[in-house]
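Listed below, chain by chain, are the residues.
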Amino acid sequence: MTGPTSSRGRLVLALALTVAVALFLAFVPLHRHWFDLNVYYDAVGHWMRDGRIYDFTIPGADGADYGFTYPPFAALCMLPMALFTWPAAITLSMVLNVAASATLLAWLIGPIVRRHGWNKWFAFVVAACLFVLLEPVRDTFSFGQVNLLLLVLVLFDAWLLSTGRGRFAGCGIGLAAAIKLTPAIFIGYLLITRRWRAAATATATAAAATLLALAVAPGASRVYWTEALWDTDRIGVLSYVSNQSWEGVLARLVDPVPPSGVVWALGVLAVLAVWAYRVRSAVAIGDERAGFALTGVTACLISPITWVHHLVWLIPALAVLVDSGLRPDAPPARRRLLLQVGAVVYVLLCSSVVWLWRFDSTGVDGFLGSNTYVWICLGLLIALPLRGARSATMLSQEPYPARIP
């Protein structure tokens, strides 16, 4: 990492960067006022008072009514919020997201810092400032969302697999899938890469958590699995520009007509085929980090709704892209290209560019601009670089196994 070589120079630059980022976050009008946390908080309170959770809604900025959309196990996990005041709930959300962010940076950036011999505290300050500028991260904090916590659960299993502790892997993915359905694709990743034990552990964990919720809250479980899960209107407007999924692309193209289910399904099958091929190739050469990163990208593409804050699942792919551009054994031209692509992807993910087409996504410019993050996902799915076991560094200093066990 180029930069000041003296301790004083690093301290001055770190302080300046931290102040600049803090001022940006404080004064640029992009705060979401903890809207999602408010939904969780009020829905749980409604559940405690009236015994129902899935009929509670709050009007959103896009004109839709938003309610609690997660499985009943997530409601059980959030139930202690009913004991907190609203300011205390906000504080708890912030503390948990800060802890999750620090954990992710340690896992994703730590090995790169050690490999290159960079100053640790300075590198982490810079990385943290860059991290919080990402729009999905900013939105996760200001919405009071849980995606960073789920990402930590999933990457914990990646760490177990990459450090030879695979016999314990699967619990994190299972818990994440029980809290929110999207991470269930990582169970598919374990199956495709023939991690039978980890897949069984993840499935059993998700099933046990779901059955626990059924035993504790049978009424809420019945409503969710038979009614709320299938009511897509509860999640939001498909054509809203914040929906950066394949279905969001289709919805904006044909709005106000509902998108074709057949076209959506064909697109999902194509994405899954590319994903399956790429993750098997990645794990066959020992690149577990790329396998998990590609799965996060795919989750964003195939989910019916991928709000911008859900795109924290792209962070591992961004780390892979930058790390590949820093590998000393790669040709200089390739290194420059990867770092340039990584810089462009990073800037776009910080830019909030899709909101320029919030009110009108018609025309060629609307089609290209309003779906910017979808194009990034597709590019990462197709072209994310893979690295062999000897040079893979994400989540561990130890080399990955050369073959799928």
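Here the residue index of a chain counts from 1 through its sequence in written order. Given that this is a predicted model, residues contribute local features only at a pLDDT of at least 70 and side-chain atom pairs are listed and counted only at 80 or more, while totals for whole chains, interfaces and linings are drawn from all residues. Just so you know, side-chain values use all the structure's heavy atoms and leave hydrogens and water out.

## Focus: the packing of helix 10 (residues 185-192) against helix 14 (residues 261-284)
In contact at an axis separation of 10 Å, helix 10 and helix 14 are set at 55 degrees when each is read in the N-to-C sense. Between helix 10 and helix 14, the interaxial angle falls into the category oblique. Our pair here, helix 10 against helix 14, has a crossing hand that is right-handed. Across the interface between the two elements, Ile185, Gly188, Tyr189 and Ile192 from helix 10 touch Trp275, Ala276, Val279, Arg280 and Val283 from helix 14. Partitioning the contact of helix 10 with helix 14 into residue classes produces seven nonpolar, one polar and one charged. In this analysis, axes come from line fits to C-alpha atoms, helices being fitted only over the stretch in contact, and the angle between any two N-to-C directions falls in the range 0 to 180 degrees. Per the convention used, a helix needs a DSSP run of H or I reaching at least four residues, while a strand needs a run of E reaching at least two, with both numbered from the N terminus. Should an angle lie under 35 degrees it is considered roughly parallel, over 145 roughly antiparallel, and from 65 to 115 roughly perpendicular; all remaining angles are considered oblique. We call a crossing left-handed when the near helix sits turned anticlockwise from the far one by less than a right angle, and right-handed when that turn is clockwise. Only heavy atoms matter for contacts: two residues are in contact if any of them lie within 4.5 Å across the pair. Under the scheme applied, nonpolar residues are Ala, Val, Leu, Ile, Met, Phe, Trp, Tyr, Cys and Pro; charged residues are Asp, Glu, Lys and Arg; polar residues are all the others, including Gly.

## As for the nonpolar core
Among the nonpolar cores identified, the biggest contains 111 residues, and Phe68, Phe292, Leu314 and Leu384 are the most heavily contacted of them. Discounting chain neighbours no more than four positions away, the residues touching Leu384 are Arg278, Ala290, Ala293, Leu294, Ala317, Val320, Leu321 and Gly379. Residues belong to a common nonpolar core when they are buried Ala, Val, Leu, Ile, Met, Phe, Trp, Tyr or Cys residues joined through side-chain atoms within 4.5 Å. For each residue, the accessible area found with a 1.4 Å probe, counting protein chains only, is set against the maximum for its type, and the residue is called buried under 20%, exposed over 50%, and partly exposed in between. Grouped together as the second largest cluster of nonpolar side chains are five residues, Ile112, Trp118, Ala123 and Leu326 included.

## Overview of the side chain of Ser303
In this structure, Ser303 sits in the loop between helix 15 (288-302) and helix 16 (315-325). In this structure Ser303 comes out as buried when scored by relative accessible area, which is 12%. Separated by 2.9 Å, the side chain of Ser303 and the backbone oxygen of Ile305 make a polar contact. Apart from the residues lying within four places of it in its own chain, the contact partners of Ser303 are Thr182 and Ser245. We define a polar contact as two N or O atoms separated by no more than 3.5 Å, with the added condition that, inside protein, one atom must be a possible hydrogen donor and the other a possible acceptor, whereas residues neighbouring each other in sequence contribute only through side-chain atom pairs.

## A look at helix 6 (residues 120-133)
Here helix 6 is 14 residues long and its end C-alpha atoms lie 20 Å apart, about the 20 Å a rise of 1.5 Å per residue gives. Residues of helix 6 that are buried include every one of Phe122, Ala123, Val126, Ala127, Cys129 and Phe131, and no others. Check the buried side of helix 6 and you find it contacts helix 1 (7-27), helix 4 (86-108), helix 5 (110-116), helix 7 (135-143), helix 8 (147-162) and helix 16. Expected helix span is taken as 1.5 Å per residue step, with the number of steps being one fewer than the number of residues.

## Concerning the pattern of salt bridges
A pairing counts as a salt bridge when a side-chain nitrogen of Lys or Arg comes within 4 Å of a carboxyl oxygen of Asp or Glu. In the structure shown here, the tally under the stated rule is nine salt bridges. Arg52 is paired through a salt bridge with Asp55; the nearest N and O atoms lie 2.7 Å apart. On the basis of relative accessibility, which here comes to 45%, the residue Arg52 falls in the partly exposed class. On the accessibility criterion, Asp55 (44% relative accessible area) is partly exposed. Measuring nitrogen to oxygen at the nearest pair gives 2.7 Å for the salt bridge that ties Asp323 to Arg115.

## Quick word on the packing of helix 4 against helix 6
Relative orientation of the contacting elements helix 4 and helix 6 amounts to 120 degrees, with a least axis distance of 11 Å. Judged on the interaxial angle alone, helix 6 and helix 4 are oblique. As for the relative orientation of helix 4 and helix 6, their crossing is right-handed in sense. In this structure, helix 4 uses Ser101, Leu104, Leu105 and Ala106 to contact helix 6, whose residues at the interface are Phe124, Ala127, Ala128 and Phe131. Per-class residue counts for the contact of helix 4 with helix 6 are seven nonpolar, one polar and no charged.

## Section: the packing of aromatic side chains
In summary, the pairing rule links any two rings of Phe, Tyr or Trp, Trp by its six-membered ring, whose centres are within 6.5 Å, and it sorts them by plane angle into stacked for under 30 degrees, edge-to-face for over 60 and tilted for everything else. For the structure on display, the rule yields 16 aromatic pairs. Note on Tyr54 and Tyr224: the rings are 5.4 Å apart at their centroids and 35 degrees apart in plane angle, and the pair reads as tilted. Highlighted residues: Tyr54 in the loop between helix 2 (35-50) and strand 1 (57-59) and Tyr224 in helix 12 (residues 218-226), separated in sequence by 170 residues. Note on accessibility: Tyr54 and Tyr224 belong to one class, buried. An angle of 80 degrees between the planes, with centres 6.0 Å apart, marks the rings of Trp121 and Phe122 as edge-to-face. The structure contains a cluster of three or more aromatic residues connected by ring pairs, namely Tyr40, Tyr54, Phe68, Tyr70, Tyr224 and Trp225. By definition here, charges over rings are those cases where NZ of Lys or CZ of Arg is within 6 Å of the ring centre and within 35 degrees of the ring normal. Sitting over the ring of Trp355, Arg32 keeps its end group 5.2 Å from the ring centre.

These figures come from the coordinates and say nothing about function on their own.
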